[in-house]
Amino acid sequence: MKDLTKVVHHPQVDQKGFVSLAVPTYRASTIVFDTARDYAERKQRGPDGYTYGLNGTPTTKTLEAQLSDLEQAERTLILPSGQAAIAILFLAVLNPGDTVLIPDNIYPPVRALCADFLAARGIGHRIYPPMAGSAIEDFIDDSVKLIWTESPGSATMEVGDLPAIVAVAQARGIFTGCDNTWATPLLFKPLAIGMDFVMEALTKYVGGHSDILLGSLSMRDLHWHQRLRDCANMLGIGVSPDDCALALRGIETLGVRIAHIGKVSTDFAWRMRDHAAVAQVLHPALPDCPGHAHWLRDFRGASGVFSIALQPALDDHVDDTLAELRIFAIGASWGGTRSLIAPMAIQERLGPPDGRQGRLLRISIGLEDPDELWEDLVHVLDSLLDRGPV
């Protein structure tokens, strides 16, 4: 073998005795076949087989298998983001003339997906109140094929009666799905209550370090695995095995991180209710949060994201005052080691949330010292009062 051939043909190395706790990162676009016949019949390998790098490598499959175990799912599909996962699901399940029901407190890009993309292609959507529960029946007609849920809801944190929604949907033969990113499968398992699909934005708690973009779709019915994977493949959507390796690393510490930030966020939520700058604290663990009883019944605990509604007289001073933050950073995509604050403007709602006034601050607890985090937060709230007394 000549040198120009040697440089592209790697030698085989004996791996006997090598056992690592880390999952290898397998990178590949080309998958090599033993024979021409194997190549010609590659589609017969099915969705779990290796045919092309776009469909995944052993690194991808390991992450899919681990999430399937956690979600109690038949299969899981890894996608480039949570939003991509929702888009693929909607495109695979819905046809022109169909309708999807979405909650009023949904992640805003999903509302935009329905209004700005799906609607132009003949797929309708209808918005229902987050606390509809069994009254979801009032929003259903023969065109509804999917009910999408998000609980707690984005920013306003309502916890819906998801088992009641599932019961209505199953009686009508309608599919259900849930954005479970806030809870992760450690705190809530939507498939276990009868949901058909569950999505996790792995970008957040599973990744855990604010440095990857990934999403997952897990399903109860094996039939959907092939259909969803085919939809992603037709659109040329795949994921980087390097990102999957980072998610596999992040998931190993998910349990201890969730336990810590859940405890801190709940403690902060209780203490913040007494601050004069705060009109309302929106945290599922508090008795006055809409759906608190549902959270107690269905969830195993709290994660690190909640919101506070400020007194309306302080609205004009929020932007300048947040510049005084010393430990919290201002940004989206919570779930990493850093604590974040994001000012939120609630728009396009069916009606104003009862009892909520002023702008919202969405707070995401990270892994910094809780006492220093509390001091930073109280400093900003005190400064808000100094700038604009209520």
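Up top you'll find the structure we're talking about.
The following paragraphs examine the structure supplied in this document. (Residues numbered from 1 in each chain as written. Predicted model: local features only at pLDDT ≥ 70, side-chain atom pairs only at ≥ 80, totals over all residues. Heavy atoms only, no water.)

With 82 residues, the main nonpolar core has Ile147, Met272 and Ile308 as its most contacted residues. If you tally residues by element for this core, the top one is helix α13 (residues 370–387), at eight residues. Ignoring sequence-local partners within four residues, the contact set of Ile147 consists of Leu101, Tyr128, Ile136, Ile140, Ile165, Ala169, Ile174, Phe175, Thr176 and Gly177. Within the second largest apolar cluster, 30 residues are counted, among which are Phe90, Val93, Met199 and Ala201. (Core = buried A, V, L, I, M, F, W, Y, C linked by side-chain atoms within 4.5 Å. Buried < 20%, exposed > 50% of the residue type's maximum accessible area, 1.4 Å probe, protein only. Helix = DSSP H or I, 4+ residues; strand = E, 2+ residues; numbered from the N terminus. Contact = heavy atoms within 4.5 Å.)

Here helix α4 (residues 82–93) spans 17 Å end to end across twelve residues, near enough to the 16 Å set by a 1.5 Å rise per residue. Of all twelve residues making up α4, ten are buried, and the element is well covered by its neighbours. Residues Gly82, Ala84, Ala85, Ile86, Ala87, Ile88, Leu89, Phe90, Ala92 and Val93 constitute the buried set of α4. (Expected span 1.5 Å × (residues − 1).)

So, on to empty space enclosed by the protein. Within this structure, the stated rule accounts for three cavities of 30 Å³ or more. Its volume calculated, the largest cavity comes out at about 90 Å³. Forming the boundary of the largest cavity are 14 residues, of which Leu54, Leu77, Ile78, Arg229 and Gly238 lie nearest the centre. When contributions to the lining of the largest cavity are tallied by element, the ones reaching two or more residues are α3 (58–71), β1 (75–79) and α8 (222–234). Of the residues contributing to the lining of the largest cavity, the split by class is seven nonpolar, five polar and two charged. In this structure, the second largest cavity spans a volume of roughly 50 Å³. Taken together, Pro103, Asn105, Tyr128, Pro130, Thr149, Glu150, Ser151, Glu158, Gly160, Leu162 and Ile165 form the lining of the second largest cavity. Broken down by secondary-structure element, the contributors of at least two residues to the lining of the second largest cavity are β4 (144–150) and α6 (162–172). (1 Å grid on protein atoms, 1.4 Å probe; cavity = no way out; pocket = protein on both sides within 12 Å on 5 of 7 lines; lining within 4 Å. Points joined across faces, edges and corners; volume = space filled by probe spheres on them. Nonpolar A, V, L, I, M, F, W, Y, C, P; charged D, E, K, R; others polar.)

Attention now goes to the sheet that holds strand β9 (residues 305–310). Strand order in the open sheet formed by five strands is β8-β9-β12-β11-β10, with mixed pairing between adjacent strands. For this open sheet the edge positions go to β8 (278–282) and β10 (329–330), each flanked by a neighbour on one side alone. Bridge analysis of strand β11 (residues 340–344) against strand β12 (residues 360–364) gives five bridges, and the strand direction is antiparallel. When the bridges of β12 are listed, Met344 appears paired with Leu360. Contacts between helix α10 (residues 254–272) and the sheet are confined to β8, β9 and β12, with β9 contributing the most and set at about 15 degrees to the helix. Most of the contacts of α13 go to β9, to which it runs at about 15 degrees, and overall it touches β8, β9, β11 and β12. (Pairing = 2+ DSSP bridges. Axes fitted to C-alpha atoms, helices over the stretch in contact; angles between N-to-C directions.)

A separate point is the side chain of Arg229. Locating Arg229 in the fold gives a position in helix α8. Within the structure, Arg229 has its side chain in polar contact with the side chain of Glu64 (distance 3.1 Å). Those residues within four positions of Arg229 in sequence are excluded, and the remaining contacts are Pro47, Asn55, Lys61, Glu64, Thr76 and Leu77. (Polar contact = N/O pair within 3.5 Å; in protein donor to acceptor, adjacent residues only side chain to side chain.)

It is worth spelling out the packing of aromatic side chains at this point. Per the counting criterion, the structure on display carries nine aromatic pairs. Look at Phe175 and Trp224: their rings are 5.3 Å apart centre to centre, the planes differ by 85 degrees, and that puts the pair in the edge-to-face class. With a gap of 49 residues between them, Phe175 in strand β5 (residues 175–179) and Trp224 in helix α8 connect regions that are remote in the sequence. Classification of Trp224 as buried rests on a relative accessible area of 5%. (Phe/Tyr/Trp six-rings, centres within 6.5 Å; stacked < 30°, edge-to-face > 60°.)

The subject of this paragraph is the sheet that holds strand β3 (residues 124–128). What the seven strands build is an open sheet, ordered β1-β7-β6-β5-β4-β2-β3; its pairing is mixed. Looking at the sheet topology across the chains shown, the edges are occupied by β1 and β3. If you compare each strand with its neighbour and ignore which way they point, the axes differ by 20 degrees on average. With five bridges connecting them, β1 and strand β7 (residues 215–219) associate as antiparallel partners. Pairing of Ile78 across the sheet is with Ser216, part of β7. In this fold α4 packs onto β1, β2 (99–103), β4, β5, β6 (197–200) and β7, with an angle of close to 165 degrees to the strand it touches most, β4. Relative to the sheet, α6 contacts β3, β4 and β5, its axis offset from that of β4 by approximately 175 degrees.

A surface patch of nonpolar side chains, amounting to about 360 Å² of accessible area, comprises Leu4, Val7 and Val8. The exposure class assigned to Leu4 is exposed, which follows from its relative accessible area of 75%. (Patch = residues over 30% accessible without salt bridge, like charges linked within 9 Å, V, L, I, M, F, W, Y side chains within 5 Å. Areas by Shrake-Rupley, 256 points an atom, 1.4 Å probe, with all protein chains shown as cover. Salt bridge = Lys/Arg side-chain N within 4 Å of Asp/Glu carboxyl O.)

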